[in-house]
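Reading the structure
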Amino acid sequence: LWKLAEAEGASGPYVRNDRTVPAGVTIGSVVSEERTLGLIDVDAIFGELPEGEAMPRAIIGLDILRNYVIELDFDRSVAGFTRSDAYTDFPAKGAIELERMSGLRLLRTKLDGVEALAVVDTGATSAVHLSVDFEGAVNLGRRPGSQTLVSSVAGIHQRPITSLERVEFAGRTFADAPLTLSAEPLGNSIDAVIGMQLLGQFNLILDFARSRMWMTPNASFGTPVRRDRVGLHTMGDRLEDGSGVLVLVAPGSPAEKAGFKGGEIVKEIRDEAGA
């Protein structure tokens, strides 16, 4: 069991090994497995979600996913699971080869022309998250940028954000992609993480057992990636009346120039309460 707990003297939560919980895992009519589950505090990962959105209660990882071919159709919001040894509907061509490392599946990519090994992570909300020890991180970190909030299994943390002129992988090039910098090395020779701001522009077939995937542009392909245009962050704290506590006012942002400060409470936006 993994459980997020506050370390004495630490600035944020850390992951510790606690106790194990055996349980059955079922997904639709295909996935049915007995597993030992780990317990984490998902609230510390996702923070406060917009009104009406349900908080995810679990994260399904590679220990299960590698046994299946997963089809992610974001146009229809459908996920299909087929046992890896029974899947026969692979496209005739266009397979993207992935590299194995410590159980992860890595994609060769180029970040502003510099080659990098990146984790394919459909659980990451960012476009690109860069390891602090990547050879190009120093130069990228000197570019004009600001601060944002990044969520992971270690909780929600403030991290530098800038942008890449281009990201290249699987024969595609993305221009002006947001880039967040990690606080610590990602480990295992991992240079970066490619997340859903880029992956979500494709319908995906993920075949982790054979270390390959297919990407087909979907309805959102080519749309500009989401950006923080204002610099106000209330994620992680919300009062009973719906008001939001400003946990971050991004440096150099329009919000900072307008005089907002961290710790202030937003009670109304456009005369509507419960911001």
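For clarity, every value in this text was computed on a predicted model and none was experimentally measured.

1. Details of the pattern of salt bridges
As enumerated under the stated definition, the model contains nine salt bridges in all. A salt bridge links Arg35 to Glu33; the shortest N-O distance between them is 2.5 Å. Two residues, Arg66 and Asp63, come together in a salt bridge whose shortest N-O distance is 3.0 Å. Overlapping salt bridges, with partners in common, bring together Glu33, Arg35, Asp63, Arg66 and Arg83 in one network.

2. Focus on the nonpolar core
Judged by nonpolar contacts, the single largest core of 38 residues is most densely connected at Leu111, Val128, Val167 and Leu198. Here this core takes four residues from strand E14 (residues 172-181), the largest share from any one element. For Val128, the contacting residues outside a window of four places in its chain are Leu111, Leu164, Val167, Pro178, Leu179, Thr180, Ala192, Val193, Ile194 and Leu198. Leu117, Val119, Ile190 and Val193 belong to the second largest nonpolar core, which has six residues in total.

3. Comments concerning the sheet that holds strand E16 (residues 202-207)
Across the sheet, five strands lie side by side as E6-E5-E16-E17-E7; this open sheet has antiparallel pairing. In this open sheet, the two edge strands, each paired with only one partner strand, are strand E6 (78-83) and strand E7 (96-97). Examined bridge by bridge, E16 and strand E17 (residues 212-217) share six bridges and lie antiparallel to one another. Counterpart to Asp207 in the pairing with E17 is Arg212.

4. Some details on a nonpolar patch on the surface
Taken together, the side chains of Val230, Leu232 and Phe260 define a hydrophobic patch exposed on the protein surface, amounting to about 230 Å² of accessible area. The partly exposed category is assigned to Phe260, whose relative accessible area is 36%.

5. Details of unusual backbone geometry
With a phi close to 55 degrees, Ser77 is a non-glycine residue in the positive phi region. Mapped onto the secondary structure, Ser77 falls in the loop between strand E5 (68-73) and E6. Phi at Asp112 is positive, roughly 50 degrees, even though this residue is not glycine. On the basis of relative accessible area, Asp112 is assigned to the buried category, the value being 17%.

6. Remarks on the pairing of strand E10 (residues 114-120)
Of all seven residues in E10, five are buried, a share of seventy percent or more. The pairing of strand E9 (residues 104-111) with E10 spans six bridges and is antiparallel. By the bridge assignment, Leu107 is partnered in E10 with Ala118. Connecting the antiparallel pair E9 and E10 is a turn made up of two residues, with Asp112 showing a positive phi of about 50 degrees. Where E10 meets strand E15 (residues 192-194), three bridges bridge the pair, whose relative direction is parallel. Bridging across to E15, Val119 finds its partner in Val193.

Rules and cut-offs
Residues numbered from 1 in each chain as written. Predicted model: local features only at pLDDT ≥ 70, side-chain atom pairs only at ≥ 80, totals over all residues. Heavy atoms only, no water. Salt bridge = Lys/Arg side-chain N within 4 Å of Asp/Glu carboxyl O. Core = buried A, V, L, I, M, F, W, Y, C linked by side-chain atoms within 4.5 Å. Buried < 20%, exposed > 50% of the residue type's maximum accessible area, 1.4 Å probe, protein only. Helix = DSSP H or I, 4+ residues; strand = E, 2+ residues; numbered from the N terminus. Contact = heavy atoms within 4.5 Å. Pairing = 2+ DSSP bridges. Patch = residues over 30% accessible without salt bridge, like charges linked within 9 Å, V, L, I, M, F, W, Y side chains within 5 Å. Areas by Shrake-Rupley, 256 points an atom, 1.4 Å probe, with all protein chains shown as cover.

By themselves, these figures tell us nothing about what the structure is for.
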